[in-house]
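What follows is the residue order along each chain.
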Amino acid sequence: MSSLTSFDPEESKEKNENQSPTITKDRPKAPVYQTKALNLWYGQTHALKDINLPIFENEVTAIIGPSGCGKSTYIKTLNRMVEMVESVKISGEILYRDKNIFDKNYRVEELRTRVGMVFQKPNPFPKTIFENVAYGPKVHGIRDKKLLKQIVENSLKGAAIWEEVKDRLHENAYGLSGGQQQRLCIARCLAIEPDVILMDEPTSALDPKSTLKVEELVQELKKNYSIVIVTHNMQQAARISDKTAFFLNGEVVENEKTDFIFSTPNDNRTEDYISGRFG
Amino acid sequence: MSERLNVKEAIQAKRKNNKSVFVEKMVPVILFLAAFISIITTIGIVGTLTYETILFFREVSFTEFFTTTDLSPLNPTDPKFSILPLLMGTVMSSLIAMFVAIPIGLTTAVYLSEYASSNSRKVLKPMIEVLAGIPTIVYGFFAFTFVTPVLQEVIPILDRTNVLSPGIVMGIMIIPMVASLSEDAMNSVPNSMREGALALGATPLEVAFRVVIPAAISGIIASFVLGISRAIGETMIVTIASGSTKNFTFDVTQSMQTMTAYIVEVTSGDAGAGTTAYFSLYAVGMTLFVFTLLMNMFATYITRRFREVY
Amino acid sequence: MEYIDRGHVQKKMRTRLLLNKVFKYLFLAATLFGLVFLAILITRVFIDSIGWLDFSFLTNRLSFNPEIAGIKGAAAGTLWLMVIVGPVTMTLGVGTAIYLEEYAKKGRLHSFIQTNISNLAGVPSIVFGLLGLTVFVRVLGFGSSIIAGGLTMSLLVLPIVVVAAQEAIRSVPGFLREASYGMGATKWQTIKKVVLPAAIPGILTGMILALSRAIGETAPLVALGIPALIIPVPGSIFDNFTALPMQVYYWTIDSALTAEYLNLAAATIIVLLVVLFLMNSVAIIIRNKFQKRY
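Residues numbered from 1 in each chain as written. Chains lettered and ligands numbered in written order. Predicted model: local features only at pLDDT ≥ 70, side-chain atom pairs only at ≥ 80, totals over all residues. Heavy atoms only, no water.

Visitor: Is there a simple way to think about the UniProt feature "transmembrane region" (unreviewed entry) in chain B in this case?
Guide: Residues and elements named next belong to chain B. Those residues carrying the UniProt feature "transmembrane region" (unreviewed entry) are residues 21-46, 83-106, 127-151, 163-186, 207-228 and 279-302 in this numbering. Between the end C-alpha atoms of residues 163-186 the distance is 33 Å, and the span holds 96% helix and 0% strand. Taken end to end, residues 279-302 has its terminal C-alpha atoms 35 Å apart, with 100% of it in helix and 0% in strand. (UniProt positions renumbered as here; feature names shortened; annotations may be inferred. Helix = DSSP H or I, 4+ residues; strand = E, 2+ residues; numbered from the N terminus.)

Visitor: Before we go on, may I ask you to explain the sheet that holds strand E4 (residues 88-96) of chain A in this structure?
Guide: Sheet strands associate in pairs through backbone hydrogen bonding, adopting either a parallel or an antiparallel arrangement. Residues and elements named next belong to chain A. In space, the 4 strands of this open sheet follow the order E2-E1-E4-E5, with antiparallel pairing throughout. Edge strands, defined here as strands with exactly one partner in the open sheet, are strand E2 (45-56) and strand E5 (99-100). Here strand E1 (residues 31-42) runs beside E2; their pairing, made up of 8 bridges, is antiparallel. Note that in E2 the partner of Trp 41 across the bridge is His 46. Together, E1, E2 and E4 form the strand contacts of helix H2 (residues 71-78), whose direction differs from that of E1 by roughly 120 degrees. (Pairing = 2+ DSSP bridges. Contact = heavy atoms within 4.5 Å. Axes fitted to C-alpha atoms, helices over the stretch in contact; angles between N-to-C directions.)

Visitor: For this particular structure, what's the right way to read the interface of chain C and chain B?
Guide: Interface size is commonly expressed as the accessible surface area that is lost when the partners come together. At the junction of the two partners, chain C supplies 73 residues and chain B supplies 75 residues. Carbon and sulfur atoms make up 78% of the area that chain C and chain B hide from each other, which totals about 6,300 Å². Area buried by chain C at its contact with chain B is led by Phe27(C), Phe37(C) and Leu130(C), which between them contribute 10% of it. With a shortest N-O distance of 2.7 Å, Glu206(B) and Arg16(C) are connected by a salt bridge. Applying the counting criterion to the chain C and chain B interface returns 12 residue pairs in polar contact (both at pLDDT 80 or more). With 21 residues, the top contributor of residues to the side of chain C that touches chain B is helix H1 (residues 6-49) of chain C. Taken together, the residues that form the side of chain C that touches chain B break down as 50 nonpolar, 17 polar and 6 charged. (Buried area = accessible area lost by both parts, 1.4 Å probe. Salt bridge = Lys/Arg side-chain N within 4 Å of Asp/Glu carboxyl O. Polar contact = N/O pair within 3.5 Å; in protein donor to acceptor, adjacent residues only side chain to side chain. Nonpolar A, V, L, I, M, F, W, Y, C, P; charged D, E, K, R; others polar.)

Visitor: Honestly, the UniProt feature "domain: ABC transporter" (unreviewed entry) in chain A in this entry has me stumped. Any pointers?
Guide: The UniProt entry lists residues 33-274 of chain A under the feature "domain: ABC transporter" (unreviewed entry), expressed in the numbering used here. Here residues 33-274 of chain A is 38% helix and 27% strand, with 26 Å between the C-alpha atoms at its ends.

Visitor: I tried to follow the nonpolar core on my own but got confused; where do I start?
Guide: Taken as a class, soluble globular proteins show a tendency for nonpolar side chains to be buried jointly. Formed by 196 residues in total, the largest nonpolar core has its most connected members in Tyr33(A) and Tyr74(A). No other element matches the 17 residues that helix H4 (residues 84-115) of chain B contributes to this core. Ranked by size, the runner-up nonpolar core spans 46 residues in total, among them Val60(A), Ile197(A), Leu206(A) and Ile4(C). (Core = buried A, V, L, I, M, F, W, Y, C linked by side-chain atoms within 4.5 Å. Buried < 20%, exposed > 50% of the residue type's maximum accessible area, 1.4 Å probe, protein only.)

Visitor: Quick question: what am I supposed to make of the environment of Pro208(A) here?
Guide: Position of Pro208(A) among the secondary structure elements: in helix H8 (residues 208-221). Between the alpha carbons of Pro208(A) and Gly179(A) there is a distance of 9.6 Å; along the sequence they are 29 residues apart.

Visitor: What should I look at first to understand the pairing of strand E6 (residues 115-118) of chain A in this one?
Guide: Looking down a regular strand, the side chains alternate between one sheet face and the other. Residues and elements named next belong to chain A. Both faces of E6 are covered, namely the face carrying Val 115 and Met 117 and the face carrying Gly 116 and Val 118. Where E6 and strand E7 (residues 196-200) come together, 4 bridges link them in parallel fashion. Bridge pairing links Gly 116 to Ile 197 in E7.

Visitor: Just checking my understanding: could you explain the sheet that holds E6(A) for this structure?
Guide: Residues and elements named next belong to chain A. What the 6 strands build is an open sheet, ordered E6-E7-E8-E3-E9-E10; its pairing is mixed. Every interior strand has two partners, whereas the edge strands, E6 and strand E10 (251-257), have only one. In this sheet, neighbouring strand axes are inclined to one another by 15 degrees on average, regardless of whether the strands run parallel or antiparallel. Sheet topology places strand E3 (residues 60-64) next to strand E9 (residues 243-248); 4 bridges connect them, and they run parallel.

Visitor: Sorry if this is basic, but what is going on with the packing of H4(B) against helix H9 (residues 204-215) of chain B here?
Guide: Packed helices, taken two at a time, are described by their axes: the angle between them and the distance between them. Residue and element names in this part refer to chain B. Interhelical geometry of H4 versus H9 gives an angle of 110 degrees and a closest axis separation of 11 Å. Compared by their axis directions, H4 and H9 come out roughly perpendicular. In contact with Val 110, Glu 114 and Tyr 115 of H4, H9 contributes Pro 204, Leu 205, Val 207, Ala 208, Val 212 and Ile 213. Residue composition of the contact of H4 with H9, by class: 8 nonpolar, no polar and 1 charged. (Parallel < 35°, antiparallel > 145°, perpendicular 65-115°, else oblique.)

Visitor: Would you take a moment to explain the interface of chain B and chain A for this structure?
Guide: If you look at the interface, chain B gives 26 residues, while chain A gives 27 residues. Buried area between chain B and chain A, both sides added, is near 1,900 Å², and the carbon and sulfur share of it is 62%. The largest per-residue losses of area from chain B upon contact with chain A belong to Ala199(B), Leu200(B) and Arg210(B), which jointly make up 35% of the total buried on that side. Where chain B touches chain A, the interface holds 0 salt bridges. Here chain B is connected to chain A by 4 residue pairs in polar contact (both at pLDDT 80 or more). At the level of secondary structure, the elements contributing two or more residues to the side of chain B that touches chain A comprise helix H5 (118-133), helix H8 (191-198) and H9 of chain B. The leading source of residues in the side of chain B that touches chain A is H8(B), at 8 residues.

Visitor: How do you make sense of the pattern of salt bridges when you look at a structure like this?
Guide: Residues and elements named next belong to chain A. One pass over the structure, following the stated rule, counts 24 salt bridges over all chains. Two residues, Glu 201 and Lys 71, come together in a salt bridge whose shortest N-O distance is 3.8 Å. In this pair, Glu 201 is assigned in the loop between E7 and H8 and Lys 71 in helix H2, connecting sequence segments 130 residues apart. Using a relative accessible area of 12% as the deciding quantity, one classes Glu 201 as buried. The salt bridge partner of Arg 80 is Glu 83, with a shortest N-O separation of 2.7 Å. The class for Arg 80 is buried, based on a relative accessible area of 13%.

Visitor: Just to check I follow, could you spell out the domain arrangement of chain B for this structure?
Guide: All names here are of chain B. What the domain assignment reports for chain B is domain 1 (2-59) and domain 2 (84-306). Each of domain 1 and domain 2 has a C-alpha centre, and these two points are 38 Å apart. Facing the 10 residues of domain 1 at the interface are 9 residues of domain 2. Between domain 1 and domain 2 lies a buried interface of about 930 Å² when both sides are counted; carbon and sulfur atoms form 80% of it. If you sort the residues of domain 1 by the area they bury against domain 2, Leu 49, Glu 52 and Phe 56 come out on top, with a joint share of 53%. (Domains from an automatic or database assignment.)

If you want it as structure tokens, here you go:
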């Protein structure tokens, strides 16, 4: 790697191509994820009903809907975090890069090294800033100190927080503000060089200024990553996403280009929700 | 209408009753006296131990007590009073106990908090806690009549009373304490932290050892310290299975007397009040008390001082 | 920015997952270790007691002859102990808990008493024995009698009752208190008529735990200097006595001389364990029955 300080999307794309042939920019609108007839139950509660949804490469897909509509459940299903709830039952399939993630032989840990996640509330580990970012690479077997340093620096830069923390990398992450913690969590997620980043209402616990920073960051990140973002904030969806899927009562009501959804939605329910008539 | 008035009058009349006012005033005083009993108990313990220990040190020097290695309190011609053999017995048996209790207790906690489903946890946890409810005399019986003979099959040089067997059994007795306190500490690590690590592709093992345990470390260490304190104060297991040889050695296949077992031996023996052997009870009791108190206070301190703020 | 070698990660993944699996079973084995030990212990003691544990064992008096020896005296001694420990810890324990939760101002004195109680809970039982020996046996001149043993044991288990009662009182919801105060009831009336009745299940559970601890404790009794002689069945709290765990102790150490004593000790242990099991079952029933009331 020639430059550590600059972010050159073209350069990293080329690298990507060399290493993993599945990611090609010749097929810019290839679906990363394909959800087919997905149903999910929490015990007796039918939380997701027959979901069919493609998610495309290098796009920001926003998922909106009133609370309890299943949007958070859905995004947690994409990296199978939803299975932490013991009573969950799932049918149907989700294809990630053409492989069904519910397949018996599919390793969930491997999926999660390709699909990063940012949570509703910032959840840094009670460790130093450096250790937080280095956690993922270390877990995956990277021991080389110099390499780790580079990864940490680059990830922090990628998450636009490097300038704020470069002088206190070895202080506890809990000394950071909420907005900084969230960007640190994004950096932690970038450190494992994911293909997709899932964001579950990443700004809901942040103040407006920090929210704006994260939104700018998302715009920057989409050059290199495919992003799925759950948000309850429709302006946010309109500002940052390319596609928007509207969830209601566990179903996908509409999934379209964002401009389209916010100007001329097909479904009355979408229009009602967007114009603030419910939810 | 008239009935209602009667109720009102009745209440008014009761209000004026001096007895109930008196009761209201007296109750807190009486309750305070009840609460004060616990303080008196502490004063009683510290007081008697200190008083009789001072009497002991009038007859036996500090240097003899803490630096020599001979202990023969009931020798009629030349009694010797050193606590070191007893300290050795206590330290060795507690060490063995912790060698058993710490790894098994901690891994039990990891299994219960990180691997077990909530259903199996509901079954396993109370079953393990049964171990803590068995009277120590039963463990003593078992160590002496079963564990020692079994160990003798493996280690032929093992004496009939030895430190190894009660040490191991004591460790098993302490497992529930270490496991349940460590598990409490791990359970208080928020789930968001586990999610964060799992989402990076960490396995449950890596989540446990690189996130949960480091985050819960103060509570875990406190559980170890309390376990050690418990082992130091344990009496019946070592009294029965470790014997009463006042042995200053590192050889755990031999009989060694602990501080607690010494107290049992001297109190159930013929040492009359006023003899040096009788006073030595309190000097040993004092040492035991100070040790365990320091450990307990240390455990409280680390849980308070290093409580993680998530 | 591609620093991570995917192939390397994949290769490592296999080992990591294997490690996870191996350790999972290791941890499970550790968890089961204690339970297996418990099972062996109970089976072993039970086998040792077979042929010795019968009705006459419960009703016969102590004897040097193992064939006719029984635990009537020891069982009576244990019961007598409970006659002291029950009321004393109930009064002092609940009194302390009410004082701390309802009357004491949260301040220095409160935290001093609280810290003191938690420290007492950690004091080795043999040290309580020394206290009992000095104060009750010698200074107050009770000798190795039931009252000396009972009071010593009461002080030992007091922290258990206090902590349980405090928790029970704390968990009585505020609206019950407010309802009582709202009708003009005084503080003590509210505590007596509302708080305590609501806290009774928790207090009882704590009492049972405390009594089971007292039933099984041996060390403090040994320190009081209770002799291993054959003692007549006690008739009052000032009589000398022996108790079930004491009997286990003496029979165990004497089993080196007379092998049958081992069986007698085992039979006594079974009696002891059955009593403890029954008491704990009652505690669990009480807890489950009154668990979700608010």
